[in-house]
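Examination of the molecular architecture
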Amino acid sequence: IRQTALSALASIDTEDALQEWRRAYLGKSAPVMELMRSMGKMPPELRPLVGKAANEVKQALEAALEERGEAVKQAALQHALERDAVDVTLPGRQPARGGLHPVTQTLRDVLAIFGDMGFQVYQSPEVETDAYNFELLNIPSYHPARDMWDTFHILQKGVVLRTHTSPGQIRSMEERNPEPVRVVLPGMVYRYEQISARSEIQFNQVELLVVGKNITMADLKGTLQDFVRRLFGNNARTRLRPSYFPFTEPSAEMDVECFVCGGKGCPVCKRSGWLEILGCGMVHPVVLQNGGYDPTVYTGFAAGLGIERITMLRHRIEDIRYFWSNDIRFLEQF
Ligand code: FA5
């Protein structure tokens, strides 16, 4: 019995076959078990002998089963390890990485430049009251200059999506007075306008405001020219044109030579070779007063930069609509 069982066990190499073997050689109807059960019918003098022998066989088979079971388990583990082997020397897979939108990159560069010049970032709300967006900036409701900013109105009367970052001028002055002000105000602005290659209905502006004693137009011009050189390089050509804004006097606009066409003329610069990037001027006395500063003591300058336009110049992008189109082929270039 012992020999047949052990030789059958030796060739087993799976868990299932082991169970079968256990049933056959140690189960209820296994020969050794039958032998043990039949002992009652044996002559009494044989019983101790047969009993001892049967017990020894049973114990031997149990021990052998355990040993074989351990070996089968080890073999299965070894097999699994080999099959699922990991090559730790393979290079890892790179996860896809996003990047900053080109306008965000420009915005950060612009803020860094003004930060170097000593300007502090000031945030003001995107949803504004008519008072801050217009009235306090010297644009009463009957003023024809309101047409300069085609406005998105909120259902609530007297509330608008800000059409420019200039309301932040009033807010920062209210907060800072009577201290001097030197702030830079970034943010999204909204206009109910015809969309074209150079104009969007939603775009970013950065407002500058300096208020103090003896601030002059020379400070305005020097600051803006220095900014343009730091951003576009020393060879960038600019021009300051007289203009009109109700909240500055005198007012001007700054153009940069259009890099999109190299000054030859294209749809972005309306074929003029120059692209307007900002409006600016000396803060109007009424606005200074509305912000809590005595215009006989204080002066100031302000500017509003168009960040999409500046980004177009930097990268020679010929249509502003690419920025919101979310075309991955466009975005991946930056
Ligand atoms: C203003 O919004 C004034 N608040 C600027 C200002 C601030 C003047 C402080 C004086 C003192 P303007 O509407 O021109 O001005 O817009 C300023 C800049 O925003 C423009 O020079 C241009 O670069 C950009 N811009 C204007 N409209 C659009 C548009 N629809 N799409 C993209 N950029 C625009």
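Keep in mind that this is a model prediction, so the values were computed, not measured. (Residues numbered from 1 in each chain as written. Predicted model: local features only at pLDDT ≥ 70, side-chain atom pairs only at ≥ 80, totals over all residues. Heavy atoms only, no water.)

Section: the overall build of the chain
When helices and strands are counted, the chain shows 12 helices and nine strands. The C-alpha atoms of the chain give 43 Å as radius of gyration, which overshoots the globular expectation for 334 residues (20 Å, by more than 25%). Accessible area of the chain: about 18,900 Å², with a carbon and sulfur share of 52%. A distance of 3 Å separates the average location of the 38 positive side-chain charges in the chain from that of its 41 negative side-chain charges. (Helix = DSSP H or I, 4+ residues; strand = E, 2+ residues; numbered from the N terminus. Rg over C-alpha atoms; globule rule 2.2 N^0.38 Å. Areas by Shrake-Rupley, 256 points an atom, 1.4 Å probe, with all protein chains shown as cover. Lys, Arg positive; Asp, Glu negative; His and termini not counted. Charge placed at Lys NZ, Arg CZ, Asp CG, Glu CD.)

Considering the nonpolar core
Within the largest apolar cluster, 44 residues are counted, with the highest numbers of intra-cluster contacts made by Phe 114, Leu 208, Phe 227 and Leu 305. When residues of this core are traced back to their parent elements, those giving at least two are α5 (102–116), β5 (202–212), α8 (217–232), β7 (248–257), β8 (274–283), β9 (299–306) and α10 (307–315). Leu 137, Ala 145, Leu 209 and Leu 288 belong to the second largest nonpolar core, which has 22 residues in total. (Core = buried A, V, L, I, M, F, W, Y, C linked by side-chain atoms within 4.5 Å. Buried < 20%, exposed > 50% of the residue type's maximum accessible area, 1.4 Å probe, protein only.)

Re the pattern of salt bridges
Enumeration according to the criterion identifies 16 salt bridges in this entry. The salt bridge partner of Arg 171 is Glu 128, with a shortest N-O separation of 2.7 Å. Here the residue Arg 171 occupies a position in helix α7 (residues 167–176), and Glu 128 occupies one in strand β2 (residues 127–129), the gap between them amounting to 43 residues. Residue classification places Arg 171 among the partly exposed residues on the basis of a relative accessible area of 23%. Relative accessible area serves as the criterion here: at 1%, Glu 128 is assigned to the buried category. Where Glu 193 meets Arg 191, a salt bridge forms, and the shortest distance between an N and an O atom there is 3.8 Å. (Salt bridge = Lys/Arg side-chain N within 4 Å of Asp/Glu carboxyl O.)

Topic: the UniProt feature "binding site: Mg(2+)" (unreviewed entry) in the chain
The feature "binding site: Mg(2+)" (unreviewed entry), as annotated in UniProt, sits at Glu 249 in this numbering. Along the chain, the position of Glu 249 falls in strand β7. Excluding anything up to four places from it in sequence, Glu 249 contacts Met 282 and His 284. (UniProt positions renumbered as here; feature names shortened; annotations may be inferred. Contact = heavy atoms within 4.5 Å.)

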